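# Fold and geometry: a report
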Amino acid sequence: MTRDEAKLLRALIEQASESLPDKEASQGAVLFPRLKGKGALVKAGTRINWRGVVKRAAVDLWDTAENNPDNAPTLWEDISYVNGYRVIPEVITVTTAFAKGEQGWFEDGVWESLQDNNVWNPKQFAAGWKKIQ
């Protein structure tokens with residue numbers, strides 16, 4: 001494959017990745033572009049590969065060192081999935097409760113809810129979860 005063919009293929013991969021739901025996107029950070037630090041406009045909603053994790057621009061911003069996720073974390077959002085598992089947040093509301101048997105990512109691994117309408121994370125109510133990985 002020539003360098004030009006590789007560049008074209010990469011552009012097609014990045015274009016196709018835009019339509020992936022967050023769950024699938026979380027499993028393929030390498031599909032997304034990386035910041036280049038050259039001052040280009042990054043539109044709100046754009047997902048990037050930041051150190052192997054998919055991040056989403058919360059607002060329109062410029063691709064500069066000052067605006068990267070490490071230096072300006074409020075300009076970026078984490079997507080709600082890690083490796084295809086929904087993130088178990090610190091605060092779970094009734095509308096985001098986990099179903100019995102549903103698996104989620106919490107801190108260091110995958111956990112399975114042992115009850116329906118689970119609104120506690122594994123740290124708050126360990127008896128409501130079983131660690132899978």
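The following paragraphs examine the structure supplied in this document.

With that out of the way, let us pick up the pattern of salt bridges. By the definition in use, this model includes 10 salt bridges. Of the charged contacts, one joins Lys-43 and Asp-60 as a salt bridge, the two residues approaching to 3.5 Å between their closest N and O atoms. Of the two residues, Lys-43 is situated in the loop between strand E1 (41-42) and strand E2 (47-50) and Asp-60 in the loop between strand E3 (53-57) and strand E4 (61-62); the sequence distance between them amounts to 17 residues. For Lys-43, a relative accessible area of 45% puts it in the partly exposed group. The salt bridge partner of Glu-77 is Arg-56, with a shortest N-O separation of 3.2 Å. Residue Glu-77 is found in strand E5 (residues 76-78), and its partner Arg-56 is found in strand E3; the two are separated by 21 residues along the sequence. With relative accessibility at 35%, the residue Glu-77 sits in the partly exposed group. Overlapping salt bridges, with partners in common, bring together Asp-22, Arg-47, Arg-56 and Glu-77 in one network.

Together, Met-1, Leu-9 and Ile-13 make up an exposed nonpolar region whose accessible area comes to about 300 Å². Note on placement: Met-1 falls in the segment before helix H1 (3-17).

A few words now on the packing of aromatic side chains. Inspection of every chain in the model, using the stated rule, returns two aromatic pairs. Look at Phe-98 and Trp-129: their rings are 5.4 Å apart centre to centre, the planes differ by 70°, and that puts the pair in the edge-to-face class. Residue Phe-98 is located in the loop between strand E7 (85-87) and strand E8 (103-106), and its partner Trp-129 is located in strand E10 (residues 129-131); the two are separated by 31 residues in the primary sequence. The class for Phe-98 is buried, based on a relative accessible area of 1%. A ring pair is formed by Trp-120 and Phe-125, whose centres lie 5.5 Å apart and whose planes are at 55°; its orientation type is tilted. Over the face of the ring belonging to Phe-98 we find Arg-86, whose NZ or CZ atom lies 3.7 Å from the ring centre.

Every second residue of E2 is oriented toward a common face, with Arg-47 and Asn-49 on one face and Ile-48 and Trp-50 on the other, all of them buried. Where E2 lies against E3, four bridges are found, and the strand directions are antiparallel. Considered in E3, the bridge of Arg-47 is made with Arg-56. Counting the residues that bridge the hairpin from E2 to E3 gives two residues, and of these Arg-51 lies at a positive phi of roughly 55°.

Let us now look at the sheet that holds E2. The strand order across the open sheet built from three strands is E2-E3-E5, with neighbouring strands paired in antiparallel fashion. Every interior strand has two partners, whereas the edge strands, E2 and E5, have only one. Pairwise comparison of adjacent strand axes, ignoring direction, gives a mean angle of 40° for this sheet. In this structure, E3 lies alongside E5, joined through three bridges in antiparallel fashion. The partner of Ala-57 across the bridge, within E5, is Trp-76.

What counts and what doesn't
- Residues numbered from 1 in each chain as written.
- Predicted model: local features only at pLDDT ≥ 70, side-chain atom pairs only at ≥ 80, totals over all residues.
- Heavy atoms only, no water.
- Salt bridge = Lys/Arg side-chain N within 4 Å of Asp/Glu carboxyl O.
- Helix = DSSP H or I, 4+ residues; strand = E, 2+ residues; numbered from the N terminus.
- Buried < 20%, exposed > 50% of the residue type's maximum accessible area, 1.4 Å probe, protein only.
- Patch = residues over 30% accessible without salt bridge, like charges linked within 9 Å, V, L, I, M, F, W, Y side chains within 5 Å.
- Areas by Shrake-Rupley, 256 points an atom, 1.4 Å probe, with all protein chains shown as cover.
- Phe/Tyr/Trp six-rings, centres within 6.5 Å; stacked < 30°, edge-to-face > 60°.
- Lys NZ or Arg CZ within 6 Å of the ring centre and 35° of its normal.
- Pairing = 2+ DSSP bridges.
- Axes fitted to C-alpha atoms, helices over the stretch in contact; angles between N-to-C directions.

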